[in-house]
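So the chains spell out like this:
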Amino acid sequence: MQDSLKVLRVRAGGRDFALDVGVVRAIERPAHRVRLPGAPPYVRGVVEVRGQAVAVVDLAARLGLTAQGGADPAVVVVDSLEPVGLSVEALGDVAAVAPESLVDLGPRGHAAGLRARAPDGTVVLEVEPLVDGRPLEPAAAVLDGGGEREGRPEGPDEERP
Amino acid sequence: MSEPGLDADDEARPVPDGLVRWGLRADALGAEAARRGAEVEDRLGQGIRAVERAVEAQAAAPDALEGAEEQARRIEEIARETGKAAVRSDLLALNVQVEAARLGEEEQGLEKVGDDLRRLADQTTRGAHELEALAAGLLSEVEAARRAWGQGAAQLEAARAQLEWALRAAEEAGLSLSEARGAAAWFSAATGARAQGAREDEGDVEAASRLAAAAEVRDETINRLARAVAGRLQRAGEELDREAASADGVEERLGALERHLRQVRELVGAADEVARRSKQLAVNADLAAARATDPAFALFAEEARRLSEHAENAAAQGQVQLAQAHDELTASRDLARRHTEAVRRIASETTELLARFAEASEGDDPIEGLASAWRDDRVAARQLTEARASWRHRARPGG
């Protein structure tokens, strides 16, 4: 039996996702956010985290999902070449998932930033494609088995309250 | 009235039957009516002073309620701040959990700190929400008590106005009675003197006629004033009864407030326990940070300590505010109880006064008796006038 995968559960676009805690650097609720003119629409601006400027990506917009708004929004700072913040609608908890229980979502999923689906339906995200700025496949098509497309990744910016 | 002069041509004539008797009766009844009138005035004056004291007590009550309201607002503020601190605790706990998960087996102590901190943050959040809801309930109860009290104040003012009006009417009636008494005394003296053989002249007859006419006017005036006093007393009694019911409502509201406050106290007691556990947790976080190699843990431990201090301060402040709110409410409740008792006493005295007044206005009471004596006087005066005319007719040559 392999070591369990520890994930941080979050909510975006009204759906449950999980991030490998290995890439999570911090979780914050920044009081101020500075807009970035000319940035892609899913980039919500820059925040300060522990003295460092971090660009914030709206996770729902990046995945091409419709933002639902949340009572408990937060920014999960993930490690990449540069730290990047993922804005989520709500935070869940840290959970252990057995790697053998995950269903890989294949190349199509990977192209949408989705790695695998856990038995409870939570989708483990692939962080690098989410933050490297390249175009993504719409996540809804993969998540709903090619069903209704909710929006285009990197589509028009939708202002959140 | 001038003393009747003696006329050599006049001859002594008998005083009509009953005139002396009526004169004496009018005098006695006038005295009794004046005494009763003074008594009514005195009692009305006492009633007004009692209502004024009740109004003063009423005016002091909202101050006490304002104190309770202020404390409830502070409790609400503490609950909000505690809620914010709980959100920060939750975030901290999640960060500690993520950090512990990243490090795996080697940081199990830290993982436990993270789990404990998260549970505590959940508990604090629930407690803060509950406390906020209770404080909001407390505020709305204070507002309801204040409204009930305000309603009572209006009723007391109305009762005071009615009693003052009744007093003015009674004073007017008293003036009228005292004039009537003077007239009755003169009438009694005049008829008594004639019974002793004094001679009568034209002036006596005219005066008797005037007295009879005045008696009719006074009779009507006194009856009207008596009805007005009774009506006003009745209304004052009704207002006071309503105020007593309002005061009961205020007392009930304050009772509800006290029950509410007990719930808040239980919750703040729980916050005390949370603060104690936060402190323990901060110590554990310190230990875990000391063992850990990553300097970020020291930051977590420091934040945990800050949060625990915050929880401790909030709980301590909550206790102080609660103690003050309890004192304010107890004072309000005592005041409301005394006020209700005073209003009930005034209402009962007013009802008693009304009963006495009603009793005095019926049957053989001085006012009615005096009026009746005056009615009889009119008959006697007519008899006197007729006797005088008859005497003149007889005295005239060839009459």
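Residues numbered from 1 in each chain as written. Chains lettered and ligands numbered in written order. Predicted model: local features only at pLDDT ≥ 70, side-chain atom pairs only at ≥ 80, totals over all residues. Heavy atoms only, no water.

Bringing the overall build of chain A into the picture now. Scanning chain A for helices and strands turns up four helices and eleven strands. Out of the 161 residues in chain A, the part that is buried amounts to 44%. Counting only contacts in chain A whose residues sit at least 6 apart along the sequence, the fraction spanning at least 24 positions is 58%. Summed over all atoms, the accessible surface of chain A reaches about 7700 Å², with 52% contributed by carbon and sulfur. (Helix = DSSP H or I, 4+ residues; strand = E, 2+ residues; numbered from the N terminus. Buried < 20%, exposed > 50% of the residue type's maximum accessible area, 1.4 Å probe, protein only. Contact = heavy atoms within 4.5 Å. Areas by Shrake-Rupley, 256 points an atom, 1.4 Å probe, with all protein chains shown as cover.)

With that settled, consider the sheet that holds strand β1 (residues 5-12) of chain A. Residue and element names in this part refer to chain A. Pairing within the open sheet is mixed, and its six strands lie in the order β8-β1-β2-β11-β10-β9. Every interior strand has two partners, whereas the edge strands, β8 (90-97) and β9 (103-104), have only one. Inspection of the sheet shows β9 paired to strand β10 (residues 114-117) by two bridges, in the antiparallel sense. The residue bridging Val 103 from the neighbouring strand is Arg 117, located in β10. (Pairing = 2+ DSSP bridges.)

Right, let's talk about the interface of chain B and chain A for a bit. Contacts between the two partners involve twelve residues from chain B, matched on the other side by 16 residues from chain A. Between chain B and chain A, roughly 1200 Å² of surface is buried when both sides are summed, and carbon and sulfur atoms account for 57% of that area. Among the residues chain B hides against chain A, the three largest losses belong to Leu 91, Val 98 and Arg 102 of chain B. Together they make up 40% of the total. In this assembly, chain B and chain A are joined by zero salt bridges. Where chain B meets chain A, there are one residue pair in polar contact (both at pLDDT 80 or more). For the side of chain B that touches chain A, the secondary structure elements donating two or more residues are α1 (19-103) and α2 (108-195) of chain B. At nine residues, the largest contribution of residues to the side of chain B that touches chain A is made by α1 of chain B. Partitioning the side of chain B that touches chain A into residue classes produces six nonpolar, two polar and four charged. (Buried area = accessible area lost by both parts, 1.4 Å probe. Salt bridge = Lys/Arg side-chain N within 4 Å of Asp/Glu carboxyl O. Polar contact = N/O pair within 3.5 Å; in protein donor to acceptor, adjacent residues only side chain to side chain. Nonpolar A, V, L, I, M, F, W, Y, C, P; charged D, E, K, R; others polar.)

With that settled, the discussion passes to the environment of Gly 22 of chain A. All names here are of chain A. For Gly 22, the location among the structural elements is in the loop between β2 (15-20) and β3 (24-28). With a relative accessible area of 42%, Gly 22 lands in the partly exposed category. Sequence separation between Gly 22 and Leu 8 is 14 residues; the distance between their C-alpha atoms is 9.7 Å.

With that settled, the discussion passes to the pattern of salt bridges. All names here are of chain A. Enumeration over the complete set of coordinates arrives at eight salt bridges over all chains. Between Asp 16 and Arg 11 there is a salt bridge, and its shortest N-O distance comes to 2.6 Å. By relative accessible area, which is 33% here, Arg 11 ends up partly exposed. The partner of Asp 58 in a salt bridge is Arg 44, with the nearest N and O atoms 2.8 Å apart. You can see Asp 58 sitting in strand β5 (residues 52-58) and its partner Arg 44 sitting in strand β4 (residues 43-49), a full 14 residues away along the chain.

The next thing to look at is the confidence of the model for chain B. All names here are of chain B. Model confidence for chain B is summarised by a mean pLDDT of 68, while 58% of its residues fall at 70 or above. Here helix α5 (residues 366-395) is the element of chain B with the lowest mean pLDDT, 59, and α1 is the one with the highest, 73. With pLDDT under 50 throughout, residues 1-12 is counted as low confidence; its partners more than four residues away or in other chains account for 18 contacts. (pLDDT = per-residue confidence, 0-100.)

Turning our attention to the confidence of the model for chain A. All names here are of chain A. For chain A, per-residue confidence averages 85 on the pLDDT scale, and 87% of positions sit at 70 or higher. Residue range residues 146-150 is modelled with pLDDT below 50. Its contacts to residues more than four positions away, or to other chains, number twelve contacts. Across residues 154-161, where pLDDT falls below 50, the model places 23 contacts with residues more than four positions away in sequence or in other chains.

Now for the packing of aromatic side chains. Evaluation of the coordinates by the stated rule reveals zero aromatic pairs over all chains. Taking NZ or CZ as reference, Arg 62 of chain A lies 4.5 Å from the ring centre of Tyr 42 of chain A, over its face. (Phe/Tyr/Trp six-rings, centres within 6.5 Å; stacked < 30°, edge-to-face > 60°. Lys NZ or Arg CZ within 6 Å of the ring centre and 35° of its normal.)

If you look at soluble globular proteins, the nonpolar side chains tend to sit buried side by side. Grouped together as the largest cluster of nonpolar side chains are 39 residues, with contacts concentrated most on Phe 17 and Leu 114 of chain A. Filtering out sequence-adjacent residues up to four positions away, Phe 17 of chain A remains in contact with Leu 8, Arg 9, Val 10, Ala 12, Leu 63, Leu 65, Leu 114, Thr 122, Val 123, Leu 125 and Leu 143 of chain A. (Core = buried A, V, L, I, M, F, W, Y, C linked by side-chain atoms within 4.5 Å.)

The next point concerns the side chain of Gln 97 of chain B. Following the sequence through the fold, Gln 97 of chain B ends up in helix α1. Given the relative accessible area of 10%, Gln 97 of chain B is considered buried. Look past the residues within four positions of Gln 97 of chain B in its chain and what remains in contact with it is Val 94 of chain A together with Gly 114, Asp 115 and Arg 118 of chain B.

The next point concerns the side chain of Asn 95 of chain B. Within the secondary structure, Asn 95 of chain B sits in helix α1. Each residue touching Asn 95 of chain B, except ones within four places of it in the same chain, is listed here: Ala 26, Ile 27 and Arg 50 of chain A together with Phe 300 of chain B.

Right, let's get into the pairing of β5 of chain A. All names here are of chain A. Pairing analysis gives six bridges linking β4 to β5, with the strands arranged antiparallel. Bridged to Glu 48 within β5 is Ala 53. Where β4 folds back on β5, the antiparallel hairpin that results is connected by two residues, among which Arg 50 adopts a positive phi of roughly 45 degrees. Here β5 pairs with strand β7 (residues 84-88) via four bridges, running parallel. Counted as the bridge partner of Val 57 is Leu 86 from β7.

So, about the sheet that holds β5 of chain A. All names here are of chain A. The five strands are arranged β3-β6-β7-β5-β4 in an open sheet whose pairing can be described as mixed. Of all the strands in the sheet, just β3 and β4 have a single pairing partner and so form its edges. The average angle at which neighbouring strand axes cross in this sheet is 30 degrees, direction not considered. (Axes fitted to C-alpha atoms, helices over the stretch in contact; angles between N-to-C directions.)

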